[in-house]
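Structural overview
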Amino acid sequence: AAGGCWLVRPMLGITRVQTAEFCAAVGLKVWEDASNSDNTFRRNRIRNELLPFLRTHFNPRVDEALARTAEVLRDEEVLLEAAAGRLLRRACVAAQQRVNAARDAAATPRSRKGGKHSGGGGGVGAAPGRGRGSGGDSKEAAVVACAETLAAAPAALQRRALRQLMMRAGAEATHGDIT
């Protein structure tokens, strides 16, 4: 989807030669856009210079190979985006559970021994040296839980999940923005 719009290109898998042959068979004149021969456009330079070079020097069927590769990559993109979405949901659930645990721990009266608090630390997910009264523990706990969940996943899913999270937050994010 480009900008929230799905583009449908039903003739993408049909070559120019096939189109010309069909037009000839049914008596249609082939229409050629004059801009297609203007190599100042990168897409035309690829079509007019790079692909013929690759056909001649590497693979006469490079067009078919690239089309197959594009199809595989589209399928894998759908799979990886869905898996990253599931990972992000798990990370958010873990973060919320950590927040709830931190809040519950802060709300529970501590047992006392001789008038002093037992235990010490700042609680689940707290930064060292900070007590529960700092107000940041539940947020820190959420970040820690989210980071732990994401860190356990393969890097490809981590990047995609982080990009999805950034997009949900309203940030423009591409794969290049996350390393």
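Summarised in this report is the structure supplied together with it. (Residues numbered from 1 in each chain as written. Predicted model: local features only at pLDDT ≥ 70, side-chain atom pairs only at ≥ 80, totals over all residues. Heavy atoms only, no water.)

**Concerning the overall build of the chain**
Scanning the chain from N- to C-terminus turns up 5 helices and 2 strands. Overall, the chain shows an N-to-C arrangement of helices and strands of α-α-α-β-β-α-α. A buried classification covers 21% of the 179 residues belonging to the chain. A separation of at least 24 residues holds for 43% of the contacts in the chain among residues at least 6 apart in sequence. Carbon and sulfur atoms make up 60% of the accessible area of the chain, which amounts to about 13200 Å² in all. (Helix = DSSP H or I, 4+ residues; strand = E, 2+ residues; numbered from the N terminus. Buried < 20%, exposed > 50% of the residue type's maximum accessible area, 1.4 Å probe, protein only. Contact = heavy atoms within 4.5 Å. Areas by Shrake-Rupley, 256 points an atom, 1.4 Å probe, with all protein chains shown as cover.)

**What about the nonpolar core?**
Looking at soluble globular proteins, one finds that nonpolar side chains tend to be buried together. In this structure, Leu-87, Cys-146, Leu-150, Leu-157 and Ala-161 are the most contacted members of the largest nonpolar core, which totals 13 residues. If you list the elements that add at least two residues to this core, you get helix H3 (62–107), helix H4 (137–151) and helix H5 (155–168). Looking at which element gives the most residues to this core, the answer is H3, with 7 residues. Leave out the neighbours within four places in its chain, and Ala-161 touches Ala-84, Leu-87, Leu-88 and Leu-150. (Core = buried A, V, L, I, M, F, W, Y, C linked by side-chain atoms within 4.5 Å.)

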